[in-house]
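# Architecture at a glance
Here's the letter readout for the chains.
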Amino acid sequence: MRPKSASVTERRVGVLVIAASRSPSLEEMGAEETHGLGFERVDDDPNVAVLLATMDATAGWAATRRLRAWERKHLRLYDGQRLLDVGCGLGDAALALAADLGVEGEIVGVDASAEMIAGARSSTRAAGCRTRFAVGDALALDEPDRSFDVVRSERTLQWLTDPEAAVAELARVLRPGGLLSLVDTDWSTFEIDVGDDDLATRVRHAMRTERGRPSNIGRRLADLVQDFGFKLVAQTTATQNWNAWDPDQSRAPEGCFSMSSLADDLVDRGQLEAGDRERFVSTIHEAARHGRFSMALTMFAVVTAAPTTAL
Ligand SMILES: C[S@@+](CC[C@H](N)C(=O)[O-])C[C@H]1O[C@@H](n2cnc3c(N)ncnc32)[C@H](O)[C@@H]1O
């Protein structure tokens, strides 16, 4: 989604919005609207709090919880291992693995956003293993070659200009035979059903094509890592479903963008006439008020093993 200008009265910020468990909701923050500036430059976002709140909300998605539990099972971590989380956000996913690493183990989290890193650092007390969270770039990690037993990256490759280069970096810092875990959304799977076939088709067509960022990378994860000589250990998908939403109570389905933002995006993509924007939004809102709203989005996950000889 392309950057938009923001003002105090019209806050087009944030990407996926809201209803956070820990952070204040969008409504509580007083933001009027949300749109996708995205997670490329979180700290430059005029309403960075929305992006932080979104991390809480998306961590609470059933699909996210399922994929993280699946990942933990397949990583089979043990005492003393060193784990790197690239694009770690608030660090919650990595910190949930701390007990498996033990007091001799270590979690290192890297994120481009100082705000995210500050949030992660505030959660490290009583982590149960050593922790280090630092601002850094997935495309140029400030970590030595072959220095981690496990590297993970969740929902981050889709925000990078060059995901292949990032995977090369993840591979570089992983020891021979170490495990690489990748989780990413695939926006081409996004579906909306409000009993209007034309509307659903427009959304599906709009999401099919990537524009400016690898938003449909989820389904390519397995091929991507195998190109680097990694061996697939396990792969899975999880679909996040939204089957109910009251637009009079919250501006957007939990952890998601508003329907106005979706309409703006469709207009930008040439899938919707600007004059039809209001009707598009009101059709969805009315359907949701009458219990005829559902959305779905699929995330993909792979756990792979690095070659046993250095790359
Ligand atoms: C959608 S969030 C996911 C955060 C976390 N992995 C999770 O699943 O909760 C994407 C994260 O990638 C970070 N990010 C974006 N570009 C980055 C880069 N070049 N290097 C490191 N982190 C980056 C953002 O700051 C953001 O925290």
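Residues numbered from 1 in each chain as written. Predicted model: local features only at pLDDT ≥ 70, side-chain atom pairs only at ≥ 80, totals over all residues. Heavy atoms only, no water.

## Points about the overall build of the chain
As a reminder of what qualifies: Secondary structure is summarised from DSSP: a helix means a run of H or I of at least four residues, a strand means a run of E of at least two, and numbering begins at the N terminus for each. Working definition: with a 1.4 Å probe on protein chains only, accessible area under 20% of the residue-type maximum means buried, over 50% means exposed, and in between means partly exposed. Between two residues, a contact is recorded if the distance between any of their heavy atoms is within 4.5 Å. Accessible surface area values rest on a Shrake-Rupley calculation with a 1.4 Å probe, where residue burial reflects the displayed protein chains alone.
Summing up its helical and strand segments, the chain has 11 helices and nine strands in all. Buried positions account for 57% of the 311 residues belonging to the chain. At a minimum sequence separation of 6, the contacts of the chain that also span at least 24 residues come to 76%. Accessible surface, the chain as shown: approximately 13300 Å² in total, 47% of it carbon and sulfur.

## Focus on the packing of helix α10 (residues 259-268) against helix α11 (residues 277-289)
Short version of the rule: Only C-alpha atoms enter the line fits that serve as axes; for helices the fit covers just the stretch in contact. Angles between N-to-C directions range over 0 to 180 degrees. The cut-offs work like this: below 35 degrees is roughly parallel, past 145 is roughly antiparallel, 65 to 115 is roughly perpendicular, and the gaps in between are oblique. Each crossing is labelled by how the near helix is turned from the far one, with a counterclockwise turn of less than a right angle marking it left-handed and a clockwise turn marking it right-handed. Residue classes follow a fixed rule: Ala, Val, Leu, Ile, Met, Phe, Trp, Tyr, Cys and Pro count as nonpolar, while Asp, Glu, Lys and Arg count as charged, and any other residue, Gly among them, counts as polar.
Running from amino to carboxyl end, α10 crosses α11 at an angle of 140°, the nearest separation of the two axes being 9 Å. Looking at the two axes, α10 sits oblique to α11. Considering only the axes of α10 and α11, their crossing is right-handed. Of the residues in α11, those touching α10 at Met259, Ser260, Leu262, Ala263, Asp264 and Leu266 are Arg277, Phe280, Val281, Ile284 and His285. Each residue belonging to the contact of α10 with α11 can be placed in one class, and the counts come to seven nonpolar, two polar and two charged.

## Regarding the sheet that holds strand β6 (residues 148-154)
Stated precisely, the cut-off is as follows: Strands qualify as paired when DSSP identifies two bridges or more between them.
Within the open sheet, the seven strands sit side by side as β5-β4-β3-β6-β7-β9-β8. Their pairing is mixed. Strand pairing shows two members of the sheet lacking a second neighbour, β5 (130-135) and β8 (231-242), which therefore form its edges. In this sheet, neighbouring strand axes are inclined to one another by 15° on average, regardless of whether the strands run parallel or antiparallel. Inspection of the sheet shows β6 paired to strand β7 (residues 174-193) by six bridges, in the parallel sense. Looking at β7, one finds that Ser153 is bridged to Leu182.

## A few points about a negative patch on the surface
To keep it simple, the criterion reads: Each patch groups residues whose relative accessible area exceeds 30% and which form no salt bridge, using 9 Å between like charges and 5 Å between nonpolar side chains of Val, Leu, Ile, Met, Phe, Trp and Tyr. Throughout this description, the term salt bridge denotes a Lys or Arg side-chain nitrogen within 4 Å of a carboxyl oxygen of Asp or Glu. By the counting scheme adopted, Arg and Lys are positive, Glu and Asp are negative, and His together with the chain ends is not counted. Every charge is mapped to an atom, namely NZ of Lys, CZ of Arg, CG of Asp or CD of Glu.
Together, Asp162, Glu164, Asp223 and Asp227 make up a region of like negative charge exposed at the surface. Positionally, Glu164 belongs in helix α7 (residues 163-173). Using a relative accessible area of 39% as the deciding quantity, one classes Glu164 as partly exposed.

## Section: the packing of aromatic side chains
Selection rule: Only centres within 6.5 Å qualify two rings of Phe, Tyr or Trp (six-membered ring in Trp) as a pair; their planes then separate them into stacked at under 30 degrees, edge-to-face at over 60, and tilted for everything else.
For the structure on display, the rule yields six aromatic pairs. With 5.8 Å between their ring centres and 35° between their planes, Trp187 and Phe257 make a pair best called tilted. Taken together, the positions of Trp187 in strand β7 and Phe257 in the loop between β8 and α10 put the pair 70 residues apart, joining distant regions of the chain. On the basis of relative accessibility, which here comes to 7%, the residue Trp187 falls in the buried class.

## Examining the site of the ligand
This is how it is decided: For this description, a residue counts as near a given molecule or strand if any of its non-hydrogen atoms is within 4 Å of it. We define a polar contact as two N or O atoms separated by no more than 3.5 Å, with the added condition that, inside protein, one atom must be a possible hydrogen donor and the other a possible acceptor, whereas residues neighbouring each other in sequence contribute only through side-chain atom pairs.
As a matter of local geometry, the ligand sits amid 19 residues, with Gly87, Asp111, Asp137, Ala138 and Glu154 nearest to it. Contact between the ligand and Glu154: a nitrogen atom at 2.8 Å from a main-chain N or O atom of the residue. At a separation of 2.9 Å, an oxygen atom of the ligand approaches a polar side-chain atom of Arg155. Out of a free accessible area of 600 Å², the ligand has 95% covered by protein chains.

## What about the nonpolar core?
The following threshold applies: In this description, a nonpolar core means a group of buried Ala, Val, Leu, Ile, Met, Phe, Trp, Tyr and Cys residues linked to one another through side-chain atoms lying within 4.5 Å.
In terms of nonpolar packing, the biggest core is built from 53 residues, with Ile192, Leu262 and Phe280 touching the most fellow members. At six residues, strand β9 (residues 294-305) tops the list of elements feeding residues into this core. Here Phe280 is in contact with Leu199, Val203, Met259, Leu262, Ala263, Leu266 and Leu272, once residues within four sequence places are set aside. Membership of the second largest hydrophobic core comes to 27 residues, among which are Leu141, Leu157, Leu182 and Val225.

## Observations regarding unusual backbone geometry
For Arg76, which is not glycine, the phi dihedral falls at a positive 45°. For Arg155, which is not glycine, the phi torsion reads 50° and is therefore positive. If you trace the backbone, Arg155 turns up in the loop between β6 and α7.

## Description of α7
All of the buried residues along α7 are Pro163, Ala166, Val167, Glu169, Leu170, Ala171 and Val173. Each element contacted by the buried residues of α7 is listed here: β3 (82-86), β6, β7 and α9 (221-226).

## So, helix α6 (residues 114-121)
Using the following cut-off: Note: the arc covers the axis-to-C-beta directions of the helix.
Inspection of α6 places Met116, Ile117, Gly119 and Ala120 among the buried residues, and these make up the whole buried set. Taken down its axis, α6 places every buried residue within 160° of arc, on the same side. Where α6 is buried, its residues meet α2 (48-59), α4 (92-95), β4 (106-111) and β5. Of the residues that open α6, the one with a side-chain oxygen 3.2 Å from the backbone nitrogen of Glu115 is Ser113.

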